[in-house]
Amino acid sequence: MKKNILSLSFVFLTFFLSYLHAQENNYNLLPFPAQFNGGEGQFVLNAQTKIVLTAKDALLKPVVLSFSNTLKTASSLPLTLATAAPATAKNVVLVRLNKALGLGTEGYKLLVSQDRVILEAATPQGAFYGIQTLLQLLPVEVFSPTPVANVAWTVPVCQIQDRPRFSHRGLMLDVGRHFMPVSFIKKYIDLLALHKMNVFHWHLTEDQGWRIEIKKYPKLTQIGSKRKETLVGHYSENYPQKFDGKEHGGFYTQAEIKDIVKYAQSKYVTIIPEIEMPGHSSAALAAYPELGCEPSKGYEVATKWGVMKDVYCPNEKTFTFLQDVLTEVFALFPSKYIHIGGDECPKDAWKQSEFCQDLIKKLKLKDEHELQSYFIKRIEKFVNSKGRAIIGWDEILEGGVAPNATVMSWRGTKGGIEAAKQKHNVIMTPNTYCYLDYYQANPANEPLAIGGYLPLEKVYEYNPTAELSADEQKYILGIQGNVWTEYMPTPAQVEYMTFPRASAIAEIAWGPSGPKNFEDFSTRLKTHLKRMDYQKVNYSKRILDIRAVTQFNNQGQLQVRLEKLDSDSKIYYTTDGKAPTTSSTEYLMPITLDKITTVKAITTAGAKFEEKFFIHRAKGKSYTYANPPAEGVDTDKKKLTDGQVAQSPRNNSEWVRINGKDFEITLDLGEVRPVTKVSTNFLKIIMNNVFPPNSVEIGLSRDGENFKEAIVQPVKYQLEGPWDILPVVADFKTARARYVRIRAKNAGPAPEGHPSAGRPTTIAMDEVVVD
Ligand code: ACM
């Protein structure tokens, strides 16, 4: 009897849990398959379930074992392998090769019924992707590295026919700026495979470090893999720049690389190595100065970021060296494609070099761009002669593209479009959609990043074949996310920046073209994040965050709308400065404000929010510039009175800049009103040539002509030190005025010793607050 009760409660529990799971799963596949039909019911895996693989399909054994091992680890189910099963067998997972499937080399067909699961693919790679889908159809706990109890191991009934849109579905990782350990490279490859991505672009050489062992040139790693110290903070944060005084180094031995390549192959990930040339080569020049145009110069491994003028000299020593290096690279990496860089190669050294100028004449070239083209074409010839092909950044189009090169478009999509029109293959990695080193949320609250702003929903919007004719679209091999690591010193930080934006890239790369639904993606993503929790991925949780948008109601009152990508959680908020709890007011509609207010909020998903909103007399009022800012900046003349006060020197887009002139605006309040206080902020980023004004005059007028009550203030600051925001406040106590004029005096040319000495400086200002 007791036994019966137990088994009865077990049956009930299983039923209940599978019900819960069916509720939650809703086919949270990521990337979502090309063709999908859901059904009723589910296939239940239990102690009797067999995985069937016949002897003729032995090629699939590693893929099948990876599936059964993953499932066994989490479920503790025995999952025996069988080599045959009758056609009517139930409770089986049948995996088989089917060359006639018609879904390409990466496609698969997955049929889940209550009786059985059938997975078919033309290749082991296709079967591997089918297995990834099957794992994602199971409860997320299947990704647990340790046994999980009380889970119903069920797969919802469905029919899937799937194949990728693009053959190149990649992620790049820059290990030059910061070395990343082998264990992390493998984890990165795991995460690529989880997303059905198939290319790991490994950026192995940089100004700041050479990371690949080359037997013939040991100094590349003895000298070139180490830099003596590293810049502290953002490139433009400190004036003068600060350094940490700590050596940073690391490289991958050839044995480690072979191991990683083999590991990647097991996950159907091709590694495309990048050996940069002719630019970004300071580390190689530090090791072998004779490869530069000025061997006696004293080249060093770079300690800060940016584009360096030290580049390979196009002499015979350099070509011999690069061919030797590439020969070792070919032996390590079976990839058809080898990335040769080609980006950001300043021509200063070549302009000053007698050798280069003679070479330009001898080869009858027009200029240094054609010299770079000669360089790349010569390398391409060598690479092609070994049966491989080159990929280069879009600068390789300048001066004439090498005949067989694939172009990686990074400076927006322009280069890629141009290359496709020239009938060259293209990989789209535009910084506007694919640079995962850009900020993904408000820079004021994020870990330091290089700059830019690329939130998840913008990445997801991207269509790699936009603006191309049907014929040109054929040249787009695919898309890739780029992870440059200047500001990512650790694997945890790489994970934070890469995911989940790379999940959006994976879906674009795999899914068919056509309309996209971000809401649907973000719902699936929430389950997908739990899979990454099991893999201990430090992804950004911004999808759960609250963001504020301001608007005005019909009465002209400021309203704050709280938004989030996560549609399930609830928001609770306060406006009295107290910390919100779930007993605070639930957010249901925009919050109307009538005075300066700090809104604090939390969500039931654990996100926190705090922002101060400024209500002031100049809000929404118009103004005129004496010297307009650059074209395209503040064109609608609203930025300085939009109620959103710039919060951080990290965020370019918050500030209005005027270069080389005084910053002068006259603001019209519409009618004569009391004015007690006028305040504004100026930015100080000395490294970037953004200087606070020498002085600021704030004047009031009733008629717009006579500004009598002007208050002049000097702006005091130290040139040295970190970037900063400097407030200026003019206290008028009881004045009345219609017009407010602000005249900020430009600091004049940058002083001696500054990187831009003698050049005009910029004033950057934001939000004129009138009380
Ligand atoms: C690049 O971001 N310089 C390719």
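Since this is a predicted model, take the numbers as computed values, not measurements. (Residues numbered from 1 in each chain as written. Predicted model: local features only at pLDDT ≥ 70, side-chain atom pairs only at ≥ 80, totals over all residues. Heavy atoms only, no water.)

Enquirer: Describe in detail the overall build of the protein chain, supporting the description with residues and values.
Expert: When helices and strands are tallied, the protein chain shows 18 helices and 35 strands. Its C-alpha radius of gyration of 30 Å places the protein chain within 12% of the 28 Å reference for a compact globule of 771 residues. Dimensions of the protein chain along its principal axes, counting C-alpha atoms only, are 100 × 80 × 50 Å. For the protein chain, buried positions account for 56% of its 771 residues. Counting contacts in the protein chain only where the partners sit at least 6 residues apart, residues at least 24 apart contribute 72% of the total. Of the roughly 32,700 Å² of accessible surface on the protein chain, a fraction of 52% belongs to carbon and sulfur atoms. (Helix = DSSP H or I, 4+ residues; strand = E, 2+ residues; numbered from the N terminus. Rg over C-alpha atoms; globule rule 2.2 N^0.38 Å. Buried < 20%, exposed > 50% of the residue type's maximum accessible area, 1.4 Å probe, protein only. Contact = heavy atoms within 4.5 Å. Areas by Shrake-Rupley, 256 points an atom, 1.4 Å probe, with all protein chains shown as cover.)

Enquirer: Residues and numbers for the state of the cysteines, please.
Expert: Two cysteines, two sulfur atoms, one covalent bond between them: this is a disulfide. In total, this model carries one disulfide according to the counting rule given. One disulfide bridge connects Cys293 with Cys313, the sulfur atoms lying 2.3 Å from each other. Residues Cys293 and Cys313 share a disulfide whose torsion about the S-S bond is about 95°; that sign makes it right-handed. Of this pair, Cys293 sits in the loop between α7 (282-287) and α8 (316-332) while Cys313 sits in the loop between α7 and α8; the two residues are 20 residues apart in sequence, bridging distant segments of the chain. We classify Cys293 as partly exposed; its relative accessible area is 22%. (Disulfide = S-S within 2.5 Å.)

Enquirer: I'd like to hear about the pattern of salt bridges, residue by residue, with values.
Expert: Between side chains of opposite charge, pairing is possible as soon as their charged atoms come close. Tallying each qualifying case throughout the model produces 31 salt bridges. Here Lys745 and Asp662 are joined by a salt bridge, their closest N and O atoms 3.0 Å apart. With Lys745 in the loop between β34 (724-744) and β35 (762-770) and Asp662 in the loop between β29 (656-659) and β30 (663-684), this residue pair connects regions lying 83 residues apart in the sequence. Residue classification places Lys745 among the partly exposed residues on the basis of a relative accessible area of 44%. Asp662 sits in the partly exposed class, given a relative accessible area of 26%. The partner of Arg743 in a salt bridge is Glu664, and the shortest N-O contact between them spans 3.1 Å. Separated by 79 residues along the polypeptide, Arg743 in strand β34 and Glu664 in strand β30 bring together distant segments of the chain. Given a relative accessible area of 33%, Arg743 falls into the partly exposed group. (Salt bridge = Lys/Arg side-chain N within 4 Å of Asp/Glu carboxyl O.)

Enquirer: Summarise the pairing of strand β16 (residues 337-341); cite the residues concerned and give the values.
Expert: Of all five residues making up β16, five are buried, and the element is well covered by its neighbours. Burial along β16 is two-sided: the residues Tyr337, His339 and Gly341 and Ile338 and Ile340 are all buried. Note that β16 and strand β17 (residues 389-393) share three bridges and pair parallel. Bridge pairing links Tyr337 to Ala389 in β17. (Pairing = 2+ DSSP bridges.)

Enquirer: Residues and numbers for the packing of aromatic side chains, please.
Expert: Under the definition given, this model contains 32 aromatic pairs. Summarising the aromatic geometry, the rings of Trp202 and Phe333 are spaced 6.2 Å apart at their centres and angled 85° between planes, so their arrangement reads as edge-to-face. Note that Trp202 is positioned in strand β9 (residues 199-203) and Phe333 in the loop between α8 and β16, a separation of 131 residues in sequence. Like Phe333, Trp202 is buried. (Phe/Tyr/Trp six-rings, centres within 6.5 Å; stacked < 30°, edge-to-face > 60°.)

Enquirer: I'd like a rundown of the sheet that holds strand β25 (residues 591-593), residues and numbers included.
Expert: Read from one edge of the open sheet, three strands run β21-β22-β25, paired in antiparallel fashion. Across the chains shown, the open sheet's two edge strands, defined by having one partner strand only, are β21 (547-552) and β25. On average, each strand axis in the sheet is tilted by 30° relative to the strand beside it, whichever way the strands run. Taken together, the six bridges between β21 and strand β22 (residues 558-563) define a ladder with antiparallel strand orientation. Paired with Phe552 across the bridge in β22 is Leu558. (Axes fitted to C-alpha atoms, helices over the stretch in contact; angles between N-to-C directions.)

Enquirer: Pulling in residues and values, what's your account of the side chain of Gln132?
Expert: Of note, Gln132 is situated in helix α3 (residues 124-137). A relative accessible area of 9% places Gln132 in the buried class. Dropping the residues within four chain positions of it, Gln132 is found in contact with Ala193, Leu194 and Lys196.

Enquirer: Tell me about helix α4 (residues 182-194), and name the residues and values.
Expert: Over its 13 residues, α4 runs 18 Å from end to end, which matches the ideal 18 Å to within 8%, given 1.5 Å per residue. Buried within α4 we find Val182, Phe184, Ile185, Tyr188, Ile189, Leu191, Leu192, Ala193 and Leu194. Phi turns positive one or two residues past the end of α4, at Lys196, with a value near 60°. (Expected span 1.5 Å × (residues − 1).)

Enquirer: Describe the nonpolar core, naming the residues involved and giving the relevant values.
Expert: In terms of nonpolar packing, the biggest core is built from 175 residues, with Trp202 and Trp210 touching the most fellow members. Top contributing element to this core by residue count: α4, with nine residues. Counting 30 residues, the second largest nonpolar core, distinct from the first, contains Phe663, Val678, Val715 and Val728. (Core = buried A, V, L, I, M, F, W, Y, C linked by side-chain atoms within 4.5 Å.)

Enquirer: Give a detailed account of the confidence of the model for the protein chain, specifying residues and quantitative values.
Expert: Per-residue confidence for the protein chain gives a mean pLDDT of 94, with 97% of residues at or over 70. The element-level mean pLDDT for the protein chain is lowest in helix α1 (residues 2-25), coming to 44, with β9 highest at 99. (pLDDT = per-residue confidence, 0-100.)

Enquirer: I'd like a rundown of the side chain of Glu697, residues and numbers included.
Expert: As for its placement among the helices and strands, Glu697 is situated in strand β31 (residues 695-701). If sequence neighbours within four positions are ignored, Glu697 has contacts with Ala710, Ile711, Val712, Arg741, Ile742 and Arg743.

Enquirer: Break down the environment of Lys608 for me, with residues and values.
Expert: In this structure, Lys608 sits in strand β27 (residues 608-613). Lys608 gets classed as exposed once you look at its relative accessible area, which sits at 72%. As a C-alpha pair, Lys608 and Pro692 span 84 residues in sequence and 33 Å in three-dimensional space. In this structure Lys608 touches Ala601 and Ile602, once residues within four positions along its chain are discounted.

Enquirer: How would you sum up the packing of helix α2 (residues 61-75) against α3? Please name residues and give values.
Expert: Two elements in contact, α2 and α3, have axes separated by 9 Å at closest approach and are oriented at 15°. In terms of orientation, α2 lies roughly parallel with respect to α3. Crossing hand, α2 versus α3: right-handed. Mapping the contact onto sequence places Val63, Phe67 and Thr70 in α2 and Pro124, Ala127, Phe128, Ile131, Leu134 and Leu135 in α3. Across the contact of α2 with α3, the residue classes break down as eight nonpolar, one polar and no charged. (Parallel < 35°, antiparallel > 145°, perpendicular 65-115°, else oblique. Left-handed = near helix turned anticlockwise from the far one by under 90°. Nonpolar A, V, L, I, M, F, W, Y, C, P; charged D, E, K, R; others polar.)

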